[in-house]
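Below are the chains, spelled out letter by letter.
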Amino acid sequence: MVKNMIKKLTPLFISIIALFLFVTPAFAHVVVHPSTAGVASFQEFSMSVPTEKDFPTVGLKLLIPGGLQMVTPNVKPGWTITEKKIGTGEDALVSEIDWTGGI
C-alpha cells in the first residue's frame with residue numbers, strides 16, 4: 001500500500017521540483033522622477049522601466065500611497081490602464097493603477 005502511494009506521488013514531486021528549478025522569475029525595478037515632492041503641491045511624476053534583457057515589459061502595477069487626492073495616469077499606445085479605487089462616487093480615491101499590454 002505504501003509502495004503504491006509512493007509510486008503514484010513520485011511524478012507529482014518530480015513536477016514540483018522541476019517547476020522550481022526551471023522557471024525563471026521576472027524581477028524588475030522602476031525608476032520614478034522626481035524622487036521627492038512637496039507637501040500639498042501639484043507634482044507630475046514620470047516612471048521608467050529599464051530592461052536589461054531582451055524581454056519586453058508587459059505589465060506595471062503602481063500602488064498609490066494614502067493621502068493623494070488626485071491621480072491621473074497617462075495613456076500610452078498599446079497599453080490598457082485599470083484603476084482600482086477605494087470608496088465610491090466623488091470621494092473615491094485611486095489606490096492602484098495597472099498598465100498591461102505593452103508593445
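Residues numbered from 1 in each chain as written. Predicted model: local features only at pLDDT ≥ 70, side-chain atom pairs only at ≥ 80, totals over all residues. Heavy atoms only, no water.

A.B. asks: What is the right way to read the pattern of salt bridges from this model?
C.D. replies: In total, this model carries 4 salt bridges according to the counting rule given. The residue Glu96 makes a salt bridge to Lys61 at a minimum N-O spacing of 3.4 Å. Taken together, the residues span a long stretch of sequence, with Glu96 in strand E5 (residues 93-101) and Lys61 in strand E3 (residues 59-63) at a distance of 35 residues. On the accessibility criterion, Glu96 (11% relative accessible area) is buried. Linking Asp98 and Lys84 is a salt bridge whose minimum nitrogen-to-oxygen distance equals 4.0 Å. In this pair, Asp98 sits in strand E5 while Lys84 sits in strand E4 (residues 79-86), placing the two residues 14 residues apart along the sequence. With relative accessibility at 38%, the residue Lys84 sits in the partly exposed group. The structure contains a network of salt bridges with shared partners spanning Lys61, Lys84, Glu96 and Asp98. (Salt bridge = Lys/Arg side-chain N within 4 Å of Asp/Glu carboxyl O. Helix = DSSP H or I, 4+ residues; strand = E, 2+ residues; numbered from the N terminus. Buried < 20%, exposed > 50% of the residue type's maximum accessible area, 1.4 Å probe, protein only.)

A.B. asks: What's the story with the nonpolar core in this structure? I'm lost.
C.D. replies: Note on soluble globular proteins: their nonpolar side chains tend to be buried together. In this structure, Leu60, Ile64, Val94, Ile97 and Trp99 together form the largest nonpolar core, which totals 5 residues. With 3 residues, E5 is the largest single contributor of residues to this core. Ignoring anything within four residues of it in the chain, the contact list for Ile64 reads Val71, Val94, Ser95, Glu96 and Ile97. (Core = buried A, V, L, I, M, F, W, Y, C linked by side-chain atoms within 4.5 Å. Contact = heavy atoms within 4.5 Å.)

A.B. asks: Would you mind showing me how to read the sheet that holds E3 here?
C.D. replies: By definition, the strands of a sheet pair up through backbone hydrogen bonds, in either a parallel or an antiparallel sense. With respect to topology, 3 strands assemble into an open sheet ordered E3-E5-E4, the strand pairing being antiparallel. Strands at the two margins of the open sheet, each flanked by one partner only, are E3 and E4. Put simply, the sheet's adjacent strands are angled 15° from each other on average, direction ignored. Relative to E5, E4 runs antiparallel, the two sharing 8 bridges. Bridge pairing links Lys84 to Glu96 in E5. (Pairing = 2+ DSSP bridges. Axes fitted to C-alpha atoms, helices over the stretch in contact; angles between N-to-C directions.)

A.B. asks: Help me out: how do you make sense of the side chain of Asp98 in this one?
C.D. replies: Judged by relative accessible area, Asp98 falls into the buried class, the value being 13%. Every residue in contact with Asp98, bar those within four places of it in the chain, is listed here: Leu60, Lys61, Thr80, Ile81, Thr82 and Lys84.

A.B. asks: Mind showing me how you'd approach the environment of Asp91 here?
C.D. replies: Within the fold, Asp91 resides in the loop between E4 and E5. A relative accessible area of 66% places Asp91 in the exposed class. For the pair Asp91 and Gln69, spaced 22 residues apart in sequence, the C-alpha to C-alpha distance is 9.3 Å.

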